[in-house]
Amino acid sequence: MSEKYKETAQIIKQEKIGTGIYSMWLQTQKIAGAARPGQFISVYSKDGSRLLPRPISICEANAENGQLRIVYRVAGKGTEEFSRYEQDDALDILGPLGNGFPLERMEEGKKAFLIGGGIGIPPMVQLSRELKGEKQIVLGYRDELFLTEDLKRSGTVFIATEDGSCGTRGNVLDAIREHALTADVIYACGPTPMLRALKAWAEEKQIECWLSMEEKMACGIGACLACVCRSKEVDEHSQVKNKRVCKEGPVFLSTEIEV
Amino acid sequence: MMLNGESKMQTRKASGYMEISTKVTIAGVELKNPVMTASGTFGSGMEYSEFVDLNRLGAVVTKGVANVPWPGNPTPRIAETCGGMMNAIGLQNPGIDTFVRRDLPFLQNYDTKVIVNVCGKVERLAEEPVDLLEINISCPNVKEGGIAFGQNPKAVETITAEIKKRAKQPVIMKLSPNVTDITETARAAEAGGADALSLINTLTGMKIDVHRRTFALANKTGGVSGPAIKPIAVRMVYQTAQAVSLPIIGMGGIACAQDALEFILAGATAVSVGTANFHNPMTTLEVIEGIEDYMRRYQVSDIRELIGCVK
Ligand SMILES: Cc1cc2nc3c(=O)[nH]c(=O)nc-3n(C[C@H](O)[C@H](O)[C@H](O)COP(=O)(O)OP(=O)(O)OC[C@H]3O[C@@H](n4cnc5c(N)ncnc54)[C@H](O)[C@@H]3O)c2cc1C
Ligand SMILES: Cc1cc2nc3c(=O)[nH]c(=O)nc-3n(C[C@H](O)[C@H](O)[C@H](O)COP(=O)(O)O)c2cc1C
Ligand code: FES
């Protein structure tokens, strides 16, 4: 289990990289150094009316200089507030949280799918850097692309857009089928319908499939039991068929959970 | 170096450095300070121990535990509200056997008092290292048939007396704020033999997602907590302190020392920090330090002088 840190990080750079999508680089003391792909941080609002932390995936983490990148979509008031911050502003964060993707499931000679849908794409950036073996990166967008160039640097990128403006028209599975791709291991993050479809597809094809789940969170560290998902077997910690997304997750083996 | 040390001593004296006592007693159990955690917001302390030295806390109050594991409610279980939140966790818990085997030994490693929040049989804890029991009668599922008996004074008295008969440790009854007159249930708990009271539990609320045209919580309703409910909680603690002579553990929106002091001045012997832990995991420690600073600033040598001194 990795150490978690509560820090006041400094914003190094914030830029808009798409419609309502922002990329923020933060200077951390310890969090970037401890982060693994697929983990997330809690970002705290400075407005006292918004108490709960916003969970945001780690997009990139540079252990050497302590810099950490998050990429997020303005979804409501909290993320809207974050989007207004500028260079040198301070931001309270807690992390790294959760388990992250299991890198050890891949090795040279094996093929992986890294599948990101919409705002589930950011964690694929750090994952693509650290994962061994052949990386086929399948990205699903509504229309506008983001982070595509970052991902092209560490694997072969396949794109699906809902409106067909780029790549395959349709979703990530349509792109996989169109290119007749296969893999030994799947790593995925994205909206629930995408994860549900991938789970069914992977289990039918008997491919090992790791899904990053989303749920509303309060503590972010496993204490409040807000963020559970349903599990196939009785969980060791909860003693019921529930697992904490913030602690045992957010990444789960598809066969262990219900999506 | 010597000089430096001496001058430091002198400034401390000059600024009124004094010995203070933050000790309080609840039902014969002495706490090193009045600051504890609110049930359900702190697990059994394991997760927060990465951020908080549990030795510093007056007590750890654990998540409500039942006789057998409970799966709790479907998600979403929480929603943010302005200055607070709503929850309908549904008392998910691993059951008393796992709790006794795993969580109590963990808490024994720390020099803090252990208060177990129970919604089941208390006999099971008789021989366990537990200092106090907190009975959650504000929870709808305590008894089969489930009337909300935390709201009915007669039922509160009966259940308190029943639990007192079976419990080995002193009993804190945790009152529901979802009543017209909190002093009625407080008096009922006192009549039933309670050793202390804790209040308030969450206020029942509802939030609607206008975009999805549905309830924000799968359970439709949930308990509202956090700073938004603090004035209601302070008022209820004050009223209860006027009505009964039992020690009171006050809670509801405490996020800093000043908040905690409001409760103490209104009549609480101790306080619990709940929702604020989610915003800042170190809140409990900051509250403790802030209370100490306040005592030095106002030359209060014993915290007990402050309890209920606003009348
Ligand atoms: C593990 C994890 C990783 C995530 N990574 C990213 C990321 O890299 N980039 C990104 O843009 N988004 C990410 N999200 C979603 C992000 O947390 C929400 O978009 C954000 O919390 C919305 O906050 P808000 O104040 O803008 O919206 P509001 O709707 O005003 O938020 C109200 C409350 O609901 C919570 N909430 C709202 N939407 C979500 C959601 N989808 N998931 C969880 N809680 C939610 C908020 O945290 C807040 O407590 C992630 C979610 C999880 C669980
Ligand atoms: C997520 C959550 C879970 C809770 N679980 C319990 C519980 O199991 N038993 C209980 O007596 N109170 C429970 N409570 C109520 C708190 O202990 C406390 O009474 C209430 O939240 C008010 O304090 P606060 O505003 O500081 O959070 C819970 C509160 C929250 C927010
Ligand atoms: S958010 Fe509290 S347990 Fe996951």
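Nothing here was measured: the structure is a model prediction, and the numbers come from that model.

Procedures and definitions
All residue numbers refer to position in the chain's written sequence, counted from 1. For this description, chains carry letters from A and ligands carry numbers from 1, given in the order in which they are written. Totals for whole chains, interfaces and linings use all residues, but because this is a predicted model, local features are given only for residues with pLDDT of at least 70 and pairs of side-chain atoms are given and counted only at 80 or more. As a convention, hydrogens and water are excluded, and side-chain values are obtained from all of the structure's heavy atoms. Here the nonpolar core consists of buried residues drawn from Ala, Val, Leu, Ile, Met, Phe, Trp, Tyr and Cys, with membership extended through side-chain atoms lying within 4.5 Å. To sort residues, take the accessible area from a 1.4 Å probe on protein chains only and compare it with the maximum for the residue type: under 20% means buried, over 50% means exposed, and anything in between is partly exposed. A helix here means a DSSP run of H or I that spans at least four residues, while a strand means a run of E at least two residues long, and both kinds are numbered starting from the N terminus. Domain start and end points were adopted from an automatic or database domain assignment. The contact criterion used is simple: two residues touch if any of their non-hydrogen atoms lie within 4.5 Å. Simply put, the buried area is the total loss of 1.4 Å probe accessible area from both parts when two parts are fitted together. The salt bridge criterion pairs a side-chain nitrogen of Lys or Arg with a carboxyl oxygen of Asp or Glu, the two atoms within 4 Å. Under the rule applied, a polar contact is a pair of N or O atoms within 3.5 Å (in protein, one hydrogen donor and one hydrogen acceptor; residues adjacent in sequence only if both atoms are side-chain atoms). Lys, Arg, Asp and Glu make up the charged group, whereas Ala, Val, Leu, Ile, Met, Phe, Trp, Tyr, Cys and Pro make up the nonpolar group; the residues left over, Gly among them, are polar. Definition of nearness: a residue and a molecule or strand are near each other if at least one heavy atom of the residue lies within 4 Å of the molecule or strand. Residue burial considers only the protein chains on display, and all accessible areas are found by Shrake-Rupley using a 1.4 Å probe. The rule for a disulfide is simple: a pair of cysteine sulfur atoms within 2.5 Å.

It is worth spelling out the nonpolar core at this point. Side chains of a nonpolar character, in soluble globular proteins, are inclined to be buried together. Membership of the largest hydrophobic core comes to 140 residues, with the highest contact counts inside it found for Ile 115 of chain A together with Met 173, Leu 197 and Ile 291 of chain B. Looking at which element gives the most residues to this core, the answer is helix H6 (residues 257–266) of chain B, with seven residues. Two domains each donate at least three residues to this core, and these are domain 1 (5–97) and domain 2 (103–212) of chain A. Of all hydrophobic cores here, the second largest spans 25 residues; its members include Val 125, Ile 137, Leu 139 and Cys 189 of chain A.

Next up on the list: the interface of chain A and chain B. Contacts between the two partners involve 36 residues from chain A and, on the opposite side, 36 residues from chain B. Of the roughly 2800 Å² buried between chain A and chain B on both sides combined, carbon and sulfur atoms contribute 60%. Between the two partners, chain A and chain B, sit three salt bridges. At the junction of chain A and chain B, the tally comes to 13 residue pairs in polar contact (both at pLDDT 80 or more). In terms of residue class, the side of chain A that touches chain B is made up of 17 nonpolar, nine polar and 10 charged.

Bringing the site of ligand 1 into the picture now. All names here are of chain A. Inspection of the region around ligand 1 gives 20 residues, with Pro 55, Arg 73, Gly 78, Thr 79 and Glu 214 positioned closest. Residue Ser 57 places a main-chain N or O atom 2.9 Å away from a nitrogen atom belonging to ligand 1. Lys 77 places a polar main-chain atom, nitrogen or oxygen, 3.4 Å from an oxygen atom of ligand 1. Contact with the protein chains hides 84% of the accessible area of ligand 1, taken as 830 Å² for the molecule alone.

For the rest of this paragraph, the subject is the state of the cysteines. All names here are of chain A. Scanning the entire structure with this criterion turns up zero disulfides over all chains. Of all cysteine sulfurs, the one in Cys 59 lies closest to Cys 166, which takes part in no disulfide; the gap is 19 Å. Residue Cys 166 is classed as partly exposed on the basis of its relative accessible area, which comes to 25%.

So, about the domain arrangement of chain A. All names here are of chain A. Assigned domains within chain A: domain 1 (5–97) and domain 2 (103–212). For domain 1 and domain 2, the distance between their C-alpha centres works out to 24 Å. Taken together, the contacts link 15 residues of domain 1 with 14 residues of domain 2. Taken together, the two surfaces of domain 1 and domain 2 that pack against each other cover about 1300 Å², and 59% of this comes from carbon and sulfur. Per-residue buried area on domain 1 facing domain 2 is highest for Pro 37, Cys 59 and Arg 73; these three make up 38% of the total on that side. For the interface between domain 1 and domain 2, the tally reads two salt bridges. Between Arg 69 and Asp 150 there is a salt bridge whose closest N-O contact spans 3.0 Å. Mapped onto the side of domain 1 that touches domain 2, the elements with two or more residues apiece are strand E1 (5–18), strand E5 (60–62) and strand E6 (67–73).

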